[in-house]
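Breakdown of the fold
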Amino acid sequence: MMNPLLREIASRENLPTPAYFYDLSLLGKTVEAIKNSAADPRFKVHYALKANTDPVILKILSNAGFGADTVSGGEIRIALENGFIPSRIVYAGVGKSDAEIDYALVVEIGCFNVESLEELEVIAERAKRKGKKAPVALRVNPEIDAHTHHFITTGLAENKFGIPMSLLDEAVAYASGNDSLDLRGLHFHIGSQVTIAEPFVLLSQRINELQKKYEAMGVKFATINVGGGLGIDYEDPDLNPIPDFKSYFEAFAENLDIRSGQEIHFELGRSVVAQCGSLLTKCLFVKKGVEKRFVITDAGFTDLIRPAFYGAYHKIENLTSTSNESELYDVVGPICESSDVFGEKVSLPVTHRGDILALRSAGAYGAVMAMQYNGRALPSAIYSE
Ligand code: LLP
């Protein structure tokens, strides 16, 4: 069964393609589901801007009362321009420039998620110059396998993110002993597109151990930030349009020992916006090869890079074909690179030039990762109510 809303949009005349289509009604329902599942007043959800910075979407999410998780000065500026409150902005990233640190201090963000001792020293120095006390959380590398794609796993022992547990004592001592730093808490992120609860349970247990250890040393944390990572159903977006937020938040509610007065911060990106977005593209040619048949679309990896970059799967549908028969096609873009493939041996109803196809579940890490290689324009955006 084809998604009726997408069918209707695809039948519009003069549809601009390639274009991201966002179902704002689904986004609204997703936001409600998050709010209902994270109703515990100690739980604070920060939307990870890296997933999608479309201003229409950002305004809906800031209006919903979410904070913002950012990774650059640019994202902090975009968050502020779209209604997020400075004190509810957190800022992570392994390579914060001096200018970015200064900007974050001036606009008084809620917390720097600090990824190294070296960075801690620079933030302390920049804050001192400005006569300010920088709020910081230490990003700990919790050494947990999130069982996700190796490109997007971040919580294992040695990688560029976070402070290894073996160096954490030193970072805690430095941050709690420096007058220009306000050590607010610990920050974690185990990886992205995590579809089972177990890694979040393991993370909670790891956090419990660390809290106990530092409390014994007289260090208390006002915030625990567990990062993001909840996955979505790429295989069947119409069956599971809203991720299982209930089980996700329960994994923490049931396993984290939350201290009195403590806030638990979440940084959800993909699970908030992925399913409301589809990349709509027009079939330019159906090209007969020797053994294959290619559907050549007007969208390429410049519009949606996830298949080429991570081998990621996006469900492909022909929204306009009326054929009852299907064929196997390789769906490819127009970019001059052989990796510009959206799917191989995709079963589609018989497809013709001019048909409109949807690449589903593209609301997260789609438009934000678009580029202008080959002199391409950036994809446009259209919205439903
Ligand atoms: N917090 C931190 C510190 C992160 O590094 C990330 C994602 C998030 C939160 C949000 O994670 P989410 O809830 O979206 O899983 N471009 C890749 C994903 C990169 C994720 C990077 N970090 C993709 O297209 O799959």
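In what follows, the accompanying structure is described.

How each quantity is defined
Residues numbered from 1 in each chain as written. Predicted model: local features only at pLDDT ≥ 70, side-chain atom pairs only at ≥ 80, totals over all residues. Heavy atoms only, no water. Helix = DSSP H or I, 4+ residues; strand = E, 2+ residues; numbered from the N terminus. Expected span 1.5 Å × (residues − 1). Buried < 20%, exposed > 50% of the residue type's maximum accessible area, 1.4 Å probe, protein only. Contact = heavy atoms within 4.5 Å. Near = heavy atom within 4 Å. Polar contact = N/O pair within 3.5 Å; in protein donor to acceptor, adjacent residues only side chain to side chain. Areas by Shrake-Rupley, 256 points an atom, 1.4 Å probe, with all protein chains shown as cover. Nonpolar A, V, L, I, M, F, W, Y, C, P; charged D, E, K, R; others polar. Phe/Tyr/Trp six-rings, centres within 6.5 Å; stacked < 30°, edge-to-face > 60°. Axes fitted to C-alpha atoms, helices over the stretch in contact; angles between N-to-C directions. Parallel < 35°, antiparallel > 145°, perpendicular 65-115°, else oblique. Salt bridge = Lys/Arg side-chain N within 4 Å of Asp/Glu carboxyl O.

Comments concerning helix α8 (residues 198–216)
Because an α-helix completes one turn every 3.6 residues, residues spaced three or four positions apart along the sequence face the same direction. Between its first and last C-alpha atoms α8 spans 28 Å; for 19 residues at 1.5 Å apiece the expected length is 27 Å, and the two agree. Here α8 has its buried residues at Pro199, Phe200, Leu203, Ser204, Ile207, Asn208, Leu210, Gln211 and Tyr214. On its buried face, α8 sits against β6 (134–141), α7 (168–176), β8 (181–187), β9 (223–225) and α9 (245–255). One or two positions beyond α8, positive phi appears at glycine 218, with a value near 85 degrees.

Here we look at the site of the ligand
By nearness alone, 18 residues border the ligand, and Ser192, Glu267, Arg306, Tyr310 and Tyr365 come closest of all. Aspartate 69 has a polar side-chain atom sitting 3.4 Å from a nitrogen atom of the ligand. Interatomic distance of 2.6 Å between a side-chain N/O atom of tyrosine 365 and an oxygen atom of the ligand. When isolated, the ligand has an accessible area of 590 Å², and the protein chains bury 92% of it. Among the elements of the structure, β10 (263–268) and α11 (306–310) are those that each provide at least two residues to the shell around the ligand. Its residues assigned to classes, the shell around the ligand comprises six nonpolar, six polar and six charged.

Section: the packing of aromatic side chains
One pass over the full model with this rule turns up 15 aromatic pairs. Ring plane angle 75 degrees and centroid distance 5.5 Å describe the contact between phenylalanine 252 and phenylalanine 266, whose orientation is recorded as edge-to-face. Of the two residues, phenylalanine 252 is situated in helix α9 and phenylalanine 266 in strand β10; the sequence distance between them amounts to 14 residues. Each of the two residues, phenylalanine 252 as well as phenylalanine 266, counts as buried. The rings of Phe43, Phe200, Tyr248, Phe249, Phe252 and Phe266 are connected pair by pair, giving a single aromatic cluster.

A look at the environment of arginine 12
Residue placement: arginine 12 occurs in the loop between α1 (4–10) and β1 (19–23). Judged by relative accessible area, which is 40%, arginine 12 ranks as partly exposed. For the pair formed by arginine 12 and tyrosine 103, sequence separation is 91 residues and the distance between their alpha carbons is 44 Å.

A word on the packing of helix α6 (residues 117–129) against α7
One way to put it is that α6 packs onto α7 with a least axis distance of 10 Å and a crossing angle of 10 degrees. Put simply, α6 runs roughly parallel to α7. Judged by residue contacts, Leu117, Leu120, Glu121 and Ala124 of α6 engage Glu170, Ala171, Tyr174 and Ala175 from α7.

Quick word on the pattern of salt bridges
Across all of its chains, the model carries 21 salt bridges by this definition. Arginine 77 is the partner of glutamate 81 in a salt bridge, and the nearest nitrogen-oxygen pair spans 3.2 Å. With glutamate 81 and arginine 77 both in helix α4 (residues 73–81), this residue pair falls four residues apart, about one helical turn. The exposure class of glutamate 81 is exposed, given its relative accessible area of 52%. Two residues, lysine 213 and aspartate 169, come together in a salt bridge whose shortest N-O distance is 2.8 Å. A residue pair is termed long-range when its members are at least 10 positions apart, and lysine 213 in helix α8 and aspartate 169 in helix α7 qualify at 44 residues. Connected through shared salt-bridge partners, Asp238, Lys315, Glu317 and Arg360 make up one network.

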